[in-house]
Amino acid sequence: MEFKDVYNHERVTRKFSNRKVNEKLLAKIIKKAQLSPSLLNSQPWRIYMVTGDALSNLKEEVMQKIKEGVDPHEDFATILSLNWDAYPSQSLATVGASQPYFYNNKIELFTQSNDTMFNAQDVAFMTIPRTSPAWSVFDLGIFAQSIMLLALDEGLAVMPAHSMVAYPELVRKYAEIPENELVGMAIGLGYKDNAAEVNDPKYYPARLPFEKIYKLVK
Ligand SMILES: Cc1cc2nc3c(=O)[nH]c(=O)nc-3n(C[C@H](O)[C@H](O)[C@H](O)COP(=O)(O)O)c2cc1C
């Protein structure tokens, strides 16, 4: 695909079809993403690609926690806490993920897709060592973006979601992640369910006016 087409495709998919991604293709994408830059080439990331029974069992146990009303407690929770500066808070309030669903009175589409892990058949769980500088979170973000662009280029759909790492102890159990690694983020990779309402472009959130985020200083 042309780069501009890949980039213009970059919208998240909140419901995947049941079609699994070829395992070799998944490995090829992650291998290519290893070219991503990182602080001093530290490459702090690890990927645990979870699929098949392991993923089904994880989803089941996550659903159980949700039903029991257990609060999410991501490993990155201290960063994800409510200590947002006013600036991103405004983005959350005005163009945040759930708002188009909210305004269309369809917030349950958003919630249900998150609770079922977007029906993803293949999920890349991303970790960094528990002892990491903030730079490693930055590096992990770059790595995630590489994975997503490479996946889109292969005709896949992507879903980055912290909701999939809401219960890190379960992710650790099913993805076989050691205790000394932080379960940072997860990306669902697969094929879009084109018939699913939750994927309707009318729910795509807008971006802030360019002038609000850009300043040229000479
Ligand atoms: C770090 C990160 C975490 C995210 N977590 C979730 C999530 O838990 N649930 C969800 O539905 N979307 C999640 N998203 C997707 C964003 O809500 C989405 O990218 C944003 O609303 C812009 O929408 P678009 O990518 O379709 O343009 C996450 C995205 C990122 C980068």
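See above for the structure.
Note that this is a predicted model, so its numbers are computed, not measured.

Caption draft 1: Broad picture of the overall build of the chain. When you go through the chain residue by residue, the secondary structure sums to 10 helices and 4 strands. Relative to the globule expectation of 17 Å for 218 residues, the C-alpha radius of gyration of the chain, 17 Å, shows essentially globular dimensions. Dimensions of the chain, computed from the C-alpha atoms along their principal axes, are close to 50 × 45 × 40 Å. Within the chain, the fraction of its 218 residues that count as buried is 40%.

Caption draft 2: Spatial organisation of the site of the ligand. Neighbouring the ligand are 15 residues; Arg11, Arg14, Asn114, Ser163 and Arg207 lie closest to it. In the environment of the ligand, a nitrogen atom lies 3.0 Å from a nitrogen or oxygen atom belonging to the backbone of His162. A distance of 2.8 Å is found between an oxygen atom of the ligand and a side-chain nitrogen or oxygen belonging to Arg207. At the level of secondary structure, the elements contributing two or more residues to the shell around the ligand comprise helix 7 (107-115) and strand 3 (157-160).

Caption draft 3: Seen up close, the sheet that holds strand 1 (residues 46-51). Pairing is antiparallel in the open sheet, where 4 strands are placed in the order 1-2-4-3. Looking at strand neighbours, the two that pair on one side only are strand 1 and strand 3, the edges of this open sheet. This sheet shows a mean twist of 25° between the axes of neighbouring strands, independent of strand direction. Here 4 bridges tie strand 3 to strand 4 (residues 181-190), and the two strands are oriented antiparallel to one another. Its bridge partner lying in strand 4, Ala157 is registered against Gly190. Its contacts with the sheet put helix 3 (residues 52-68) on strand 1 and strand 2 (122-129), and the angle it makes with strand 1 is roughly 85°.

Caption draft 4: Molecular detail of the nonpolar core. Core analysis: the biggest nonpolar cluster contains 26 residues, and Met126, Phe143, Ile147, Leu156, Val158, Ile187 and Leu189 have the highest contact counts within it. The set of elements that each furnish at least two residues to this core consists of helix 2 (23-33), strand 2, helix 8 (134-153) and strand 4. A total of 8 residues in this core trace back to one element, the largest contributor, which is helix 8. Within the second largest apolar cluster, 25 residues are counted, among which are Val50, Met159, Ile177 and Ala186.

Caption draft 5: Quick look at unusual backbone geometry. Despite not being glycine, Leu40 shows a phi value in the positive range, around 50°. Within the secondary structure layout, Leu40 lies in the loop between helix 2 and strand 1. With relative accessibility at 80%, the residue Leu40 sits in the exposed group. Positive phi values are uncommon outside glycine, yet Gln43 reaches one of about 45°.

Caption draft 6: Main features of the layout of surface pockets. A volume near 150 Å³ is recorded for the second largest pocket. Lining of the second largest pocket is provided by Met1, His9, Arg11, Thr13, Leu152, Gly155, Leu156, Ala157, Lys192 and Tyr204. Taken together, the residues that form the lining of the second largest pocket break down as 5 nonpolar, 3 polar and 2 charged.

The rules behind these values
Residues numbered from 1 in each chain as written. Predicted model: local features only at pLDDT ≥ 70, side-chain atom pairs only at ≥ 80, totals over all residues. Heavy atoms only, no water. Helix = DSSP H or I, 4+ residues; strand = E, 2+ residues; numbered from the N terminus. Rg over C-alpha atoms; globule rule 2.2 N^0.38 Å. Buried < 20%, exposed > 50% of the residue type's maximum accessible area, 1.4 Å probe, protein only. Near = heavy atom within 4 Å. Polar contact = N/O pair within 3.5 Å; in protein donor to acceptor, adjacent residues only side chain to side chain. Pairing = 2+ DSSP bridges. Axes fitted to C-alpha atoms, helices over the stretch in contact; angles between N-to-C directions. Contact = heavy atoms within 4.5 Å. Core = buried A, V, L, I, M, F, W, Y, C linked by side-chain atoms within 4.5 Å. 1 Å grid on protein atoms, 1.4 Å probe; cavity = no way out; pocket = protein on both sides within 12 Å on 5 of 7 lines; lining within 4 Å. Points joined across faces, edges and corners; volume = space filled by probe spheres on them. Nonpolar A, V, L, I, M, F, W, Y, C, P; charged D, E, K, R; others polar.

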